[in-house]
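Per-entry structural report
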Amino acid sequence: SLEYQKRLRDVPGLAEDYTTLIEFSRGSEHGGYRAAFAHLSRQVVERMAVLYLDVSWEESLRKNRRRFNPDKPDSILEHGLPDEKLERLYKETDWPAVSAGDPAYLDLQGVKVPYAVFDNSDDVTTGRGEALGKRLEEVTALLWQRYIDR
């Protein structure tokens with residue numbers, strides 16, 4: 001939220017002309033999504049929508065192993081964690097509990113926040129082809145409609 005505040009200050013028209021993405025990772029060791037959402041400012045919560053990428057733990061583990069490049073351990077796209085650390089930090093997720101109250105909206109700080117789930121159980125993201133584009137189009141259209149309707 002602090003970084004967003006700085007960007008609002010420094011980039012004219014940011015809130016009206018741009019979409020800001022804030023990424024969260026699965027995992028519940030440090031409180032999960034519930035704790036992460038609680039750290040967001042009211043200003044962010046009032047304007048946000050959540051796109052949840054649903055991936056099984058097993059798929060997360062497989063992708064972590066596959067993407068790791070030992071020559072670029074600090075790379076944002078080619079980093080990896082040892083299996084034990086990945087399991088400790090990211091195996092459990094509180095998303096089912098956080099989203100259990102409503103299939104379309106989260107109640108965050110008393111604000112009705114729309115969400116949609118991108119099911120990636122069949123891994124359309126790795127290939128980056130037509131299937132990914134189609135699914136992104138469908139899920140973001142649903143999310144946008146929920147955003148408008150809230």
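The present account deals with the structure reproduced in this document.

**Comments concerning the overall build of the protein chain**
Each helix and strand in the protein chain was counted, giving nine helices and three strands. Along the chain direction, N to C, the helices and strands of the protein chain fall in the order α-α-α-α-β-α-α-α-β-β-α-α. C-alpha extents for the protein chain along the principal axes are approximately 40 × 30 × 30 Å. For the protein chain, restricting intrachain contacts to residue pairs at least 6 apart in sequence, the fraction spanning at least 24 positions comes to 63%. Surface exposure of the protein chain reaches about 10,200 Å², of which carbon and sulfur atoms provide 52%. A gap of 2 Å separates the mean positions of the 22 positive and 27 negative side-chain charges of the protein chain.

**Comments concerning the nonpolar core**
Counting residues in each nonpolar core, the largest one holds 19 residues, and the members touching the most others are F37, M48, V50, W95, L106 and V113. Contributions of two or more residues to this core are made by α2 (14–17), α3 (32–38), α4 (42–47), β1 (50–54), α7 (95–99), β2 (105–108) and β3 (111–119). The dominant element in this core, judged by the number of residues it contributes, is β3, at three residues. Grouped together as the second largest cluster of nonpolar side chains are six residues, A116, F118, L132 and L143 included.

**Let's talk about the pattern of salt bridges**
For the structure on display, the rule yields 12 salt bridges. We note a salt bridge from E46 to R42, for which the minimum N-O separation is 2.8 Å. On the criterion of helical spacing, the pair formed by E46 and R42 is a turn pair, its members being four residues apart in helix α4. Looking at E46, the relative accessible area reads 40%, which means it is partly exposed. A residue is classified by how much of its surface remains accessible, and R42, at 40% relative accessible area, is partly exposed. A salt bridge links D123 to R62; its shortest N-O distance comes to 2.9 Å. Of this pair, D123 sits in the loop between β3 and α8 (124–127) while R62 is found in helix α5 (residues 57–67), placing the two residues 61 residues apart along the sequence.

**Section: a nonpolar patch on the surface**
A cluster of nonpolar side chains, namely L51, L53 and L136, defines an oily patch on the protein surface of about 230 Å² accessible area. Considering the arrangement of structural elements, one finds L51 in strand β1.

**Overview of the sheet that holds β1**
Taken together, the three strands give an open sheet; going across it, the order is β1-β3-β2, and neighbouring strands pair in mixed fashion. Each edge of the open sheet is held by one strand with a lone partner, namely β1 and β2. Geometrically, the sheet is characterised by an average inter-axis angle of 35° between neighbouring strands, direction not taken into account. For β1 and β3, the ladder comprises five bridges, and the chain directions are parallel. Counted as the bridge partner of D54 is D119 from β3.

**Regarding the packing of α5 against helix α6 (residues 83–90)**
At their nearest, the axes of α5 and α6 sit 11 Å apart, and the two run at 140° to each other. When the axis of α5 is compared with that of α6, the two are oblique. Of the two elements, α5 crosses α6, and the hand of that crossing is right-handed. Across the interface between the two elements, W57, S60, L61, N64 and R65 from α5 touch D83, L86, E87 and Y90 from α6. Split by residue class, the contact of α5 with α6 holds four nonpolar, two polar and three charged.

Rules of the game
Residues numbered from 1 in each chain as written. Predicted model: local features only at pLDDT ≥ 70, side-chain atom pairs only at ≥ 80, totals over all residues. Heavy atoms only, no water. Helix = DSSP H or I, 4+ residues; strand = E, 2+ residues; numbered from the N terminus. Contact = heavy atoms within 4.5 Å. Areas by Shrake-Rupley, 256 points an atom, 1.4 Å probe, with all protein chains shown as cover. Lys, Arg positive; Asp, Glu negative; His and termini not counted. Charge placed at Lys NZ, Arg CZ, Asp CG, Glu CD. Core = buried A, V, L, I, M, F, W, Y, C linked by side-chain atoms within 4.5 Å. Buried < 20%, exposed > 50% of the residue type's maximum accessible area, 1.4 Å probe, protein only. Salt bridge = Lys/Arg side-chain N within 4 Å of Asp/Glu carboxyl O. Patch = residues over 30% accessible without salt bridge, like charges linked within 9 Å, V, L, I, M, F, W, Y side chains within 5 Å. Pairing = 2+ DSSP bridges. Axes fitted to C-alpha atoms, helices over the stretch in contact; angles between N-to-C directions. Parallel < 35°, antiparallel > 145°, perpendicular 65-115°, else oblique. Left-handed = near helix turned anticlockwise from the far one by under 90°. Nonpolar A, V, L, I, M, F, W, Y, C, P; charged D, E, K, R; others polar.

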